[in-house]
Amino acid sequence: MADHARVIPIDSRDRDRSGAGSRRRKPPVEEPREEAPAEKPNVLVEAVGALGQAVAEELLGDEWERKVLSGLAFVRQRLTGEYEVDELGFDAHLTENVLLNLLRPLYRDWFRVEVRGIENIPMTGGALIVANHSGTLPLDGLMTHVAVFDTHPARRHVRMLGADLIFKTPFVGELARKGGTTLASSEDADRLLSNGELVAVFPEGYKGLGKPFSERYKLQRFGRGGFVSAALGAGVPIIPCSIVGAEETYPMLGDIEPLARLLGFPYVPVTPTFPWLGPLGMVPLPSKWIISFGEPLSTSGYGREAADDPMLVFDLTDQVRETIQHTLYALLLDRPRAFF
């Protein structure tokens, strides 16, 4: 049997001038490459993780161990920058791990919030929550955010539309941005709804927030219906939301108008505890809360051009307002006592 040999072609440049035989060129000598220096480990991050895990394992029970490890994981992510902030300043990582945790004792133990109709909030996609506003300080917005995130199956965040005074207040404005609140403008509302966010608006504004206790649970004017125009333009449903309990947190008995004008505030309230008790007067009364989400009002059948129809906007605004008002009366009857 004939042998099969592997034939290696010879480049003509490897032959000598006489053509006799062949010779191979020496392979070029490669200069040694400089290896990129390995990234130095973040000593602080590793130390925090190791120390925290050791403490959790040696000294704490299972529940506290879980909390400590969760907290350390949060610190590690903040130190390494492994979190995102959206174009409007919302920091979901900080909100979920810090801000909502600070609000939960108030939500769960102090106000004992009861949530109804959470199934009316869609699992995905944009929607506009429209709620009554009351209580002197805007705690109702904060409690609504906790209610939706903690009870909705998809754990959705609520993006609040806030007044410009919030963002002019030092520290408060920056914290509100990180918690998901943005300016109550048509541009920001359109952007959030078009991106599939769950947005909340309180159309009464300061007129509802700062009304006297004698007018509790009586809705104020809902403005010009800008929220309806935003929902129509984005084609998202409107969800009426009725909140009972906020009116009793800081019962407003009067308003120090000269001081309010001096400070540039819409009002400076007088309550049963403020200013008589000083800083202690800022502690809200432990009223019983109910947050009820009504059936969504669909806007998908109207088309974007409907946002420019003033009569349609007025009719839908009035319909939402009446729905919230009637629900408030029903909830008050279902909550016989405000505090006990």
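What you are looking at is a predicted structure, and each value in this text was computed from that prediction instead of being measured.

> Sorry, what's going on with a negative patch on the surface here?
Among the surface-exposed residues, E305, D308, D309, D315 and D318 lie close enough to one another that they form a single negatively charged patch. Secondary-structure assignment places D315 in helix α11 (residues 310–334).

> Mind showing me how you'd approach empty space enclosed by the protein here?
A probe matching the size of a water molecule, rolled over the atoms, marks out where space remains unfilled. In this structure the tally under the stated criterion is two cavities of 30 Å³ or more. Looking at the largest cavity, its volume works out to about 50 Å³. In terms of lining, the largest cavity is formed by S134, G135, T136, G208, L209, K211, P212, F213, E247, Y250, P251 and M252. Considering only residue class, the lining of the largest cavity consists of six nonpolar, four polar and two charged. When its volume is computed, the second largest cavity comes out at roughly 30 Å³. The wall of the second largest cavity is formed by T249, Y250, P251, T271, P272, T273 and L285. Of the residues that constitute the lining of the second largest cavity, the class distribution is four nonpolar, three polar and no charged.

> In this structure, what is going on with the side chain of T249? I would like to understand it.
Along the chain, the position of T249 falls in the loop between β6 (238–244) and β7 (254–255). The class for T249 is buried, based on a relative accessible area of 2%. Residues within four places of T249 in sequence aside, it is in contact with F111, G135, P284, L285, S287 and W289.

Rules used in this analysis
The numbering scheme is per chain: residues are counted from 1 as the chain's sequence reads. Given that this is a predicted model, residues contribute local features only at a pLDDT of at least 70 and side-chain atom pairs are listed and counted only at 80 or more, while totals for whole chains, interfaces and linings are drawn from all residues. With hydrogens and water stripped out, all remaining heavy atoms of the structure feed into the side-chain values. Each patch is built from salt-bridge-free residues with over 30% relative accessible area, joining like charges within 9 Å and nonpolar side chains (Val, Leu, Ile, Met, Phe, Trp, Tyr) within 5 Å. Where accessible areas are quoted, they stem from the Shrake-Rupley method and a 1.4 Å probe; at the residue level, only the protein chains shown are allowed to cover. For salt bridges, the criterion is a side-chain nitrogen of Lys or Arg within 4 Å of an Asp or Glu carboxyl oxygen. None of His or the chain ends enter the tally, which takes Lys and Arg as positive and Asp and Glu as negative. Where a charge lies is defined by one atom per residue type: Lys uses NZ, Arg uses CZ, Asp uses CG and Glu uses CD. What counts as a helix is a DSSP run of H or I of at least four residues, what counts as a strand is a run of E of at least two, and both are numbered from the N terminus. Cavities and pockets are found on a 1 Å grid laid over the protein atoms alone: a cavity is a set of points where a 1.4 Å probe fits but cannot escape, a pocket is an open set with protein on both sides within 12 Å along at least five of seven lines, and a lining residue has an atom within 4 Å of such a point. Grid points are joined across faces, edges and corners, and a volume is the space filled by probe spheres set on the points. Three categories are distinguished: nonpolar for Ala, Val, Leu, Ile, Met, Phe, Trp, Tyr, Cys and Pro, charged for Asp, Glu, Lys and Arg, and polar for the others, with Gly belonging to the last. Buried residues are those whose accessible area, probed at 1.4 Å on protein chains only, stays under 20% of the maximum for their type, while exposed residues exceed 50% and partly exposed ones sit between those limits. It only takes one pair of heavy atoms within 4.5 Å for two residues to be counted as in contact.

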